[in-house]
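Geometric and topological summary
Residue strings, one per chain:
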Amino acid sequence: MPSTVSFLLMPFTNLLDLGGASQVFYEAKDQGLPIDISFCNSEPNVLSAMGLPFGKIENYKKQKLNKGDILIVLSSDYKYIFSNKFNPDKELLNWLVAQNAKGVTICAICTGAFLLGKAGLLDGRKCTTHWKRTDELQSNFPRAKVQQNIIFIEDNNIYRSAGANSAIDVSLQILSNIKGEYFTHKVARELVVYNRRNGN
């Protein structure tokens, strides 16, 4: 059972990805799941993709995650991902590798997969991203096993999703693995989601 669900915001994150994924765990907490929800950033003064500034958010280095906790890496706008501004520092990449090594469940939403790729966490693993970006994901990270036209996938405790509304689907899947189908159904109903889609 995780004690913390942490959301890593990169520059120009998409609000739908943030809202969908975080709302799942907010509703789960409201229905009795004993978790803390936290937010951290990869660099200061993060803006959303639409230009909405976020308030004060602590740096990822202050996150104290343990085995079984959940780290959700949010997306960035594709214009940022495919620009020379997307150059994550080695310290962040090493931090992500360390979280994986100690058993933190990691989930990358949409283009968040490109950050995991930079950290080497897609090598030899099945993964996906938004359907418009799967070819670029494969070409950037040839050792990854990129899956086309799927909603989400899990491989060795790392989840990847296609983004947008699929952030809800993958979050519900993670929740189901923690608390079971019935609890997850109650959360989905609270979200007015008829039923979560499977990864295919």
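Summarised in this report is the structure supplied together with it.

1. Remarks on the overall build of the chain
Helices and strands together make up the secondary structure of the chain, namely seven helices and nine strands. Relative to the compact-globule value of 16 Å for 200 residues, the chain shows a C-alpha radius of gyration of 15 Å, a close match. Counting every position in the chain, which comprises 200 residues, the buried fraction comes to 52%. Intrachain contacts of the chain at a sequence separation of at least 6 include 68% that bridge at least 24 residues. Approximately 9700 Å² of the chain is accessible, and the part contributed by carbon and sulfur atoms is 48%.

2. Some details on the environment of A21
When you line up the elements, A21 lands in helix α1 (residues 15–30). Along the primary structure A21 and I168 are separated by 147 residues, whereas in three dimensions their C-alpha atoms are 5.2 Å apart. Sequence-distant contacts of A21, defined by excluding residues within four places in its chain, comprise F7, A167 and S171.

3. Brief notes about helix α7 (residues 181–190)
Among all positions of α7, only F183, T184, V187 and A188 are buried. The buried residues of α7 occupy one face: seen down the axis, they fall within an arc of 140°. Exposed side chains of α7 directed beyond 90 degrees from the buried face belong to E181, Y182 and R189. A positive phi of about 60° marks V192, the residue just after α7.

4. Regarding helix α3 (residues 90–101)
One full turn of an α-helix is made of 3.6 residues, so residues set three or four places apart face in the same direction. Relative to the 16 Å expected for twelve residues at 1.5 Å per residue, α3 spans 16 Å between its end C-alpha atoms, a close match to the ideal helical length. Among the residues making up α3, those that are buried are L92, L93, W95, L96, Q99 and N100. Take α3 and look down its axis: the buried residues cluster within an arc of 155°, on one side only. In α3, the exposed residues that point more than 90 degrees away from the buried face are K90 and A101. Residues of α3 that are buried sit in contact with β1 (4–9), β4 (70–73), β5 (105–109), α4 (112–118) and β9 (158–161).

5. A look at the packing of α1 against helix α6 (residues 166–179)
Where α1 contacts α6, the two axes come as close as 8 Å, and the packing angle between them is 30°. Here α1 is positioned roughly parallel relative to α6, judged by the angle of their axes. When you trace α1 past α6, the crossing you get is right-handed. On α6, the residues that touch D17, G20, A21, V24, F25 and A28 of α1 are A167, I168, S171, L172, I174 and L175. Tallied by class, the residues present in the contact of α1 with α6 amount to nine nonpolar, two polar and one charged.

6. Describing the pairing of β5
Most of β5 is tucked away, with five of its five residues classed as buried. Alternating residues of β5 divide into T105, C107 and I109 and I106 and A108, and every residue in both groups is buried. Pairing analysis gives four bridges linking β4 to β5, with the strands arranged parallel. Residue pairing for β5: I70 is matched across the bridge by T105. Where β5 lies against β9, four bridges are found, and the strand directions are parallel. In the strand pairing of β9, A108 is matched with R160.

Parameters at a glance
- Residues numbered from 1 in each chain as written.
- Predicted model: local features only at pLDDT ≥ 70, side-chain atom pairs only at ≥ 80, totals over all residues.
- Heavy atoms only, no water.
- Helix = DSSP H or I, 4+ residues; strand = E, 2+ residues; numbered from the N terminus.
- Rg over C-alpha atoms; globule rule 2.2 N^0.38 Å.
- Buried < 20%, exposed > 50% of the residue type's maximum accessible area, 1.4 Å probe, protein only.
- Contact = heavy atoms within 4.5 Å.
- Areas by Shrake-Rupley, 256 points an atom, 1.4 Å probe, with all protein chains shown as cover.
- Arc of directions from axis to C-beta.
- Expected span 1.5 Å × (residues − 1).
- Axes fitted to C-alpha atoms, helices over the stretch in contact; angles between N-to-C directions.
- Parallel < 35°, antiparallel > 145°, perpendicular 65-115°, else oblique.
- Left-handed = near helix turned anticlockwise from the far one by under 90°.
- Nonpolar A, V, L, I, M, F, W, Y, C, P; charged D, E, K, R; others polar.
- Pairing = 2+ DSSP bridges.

Take it as geometry only, folks, not as evidence of what the structure does.
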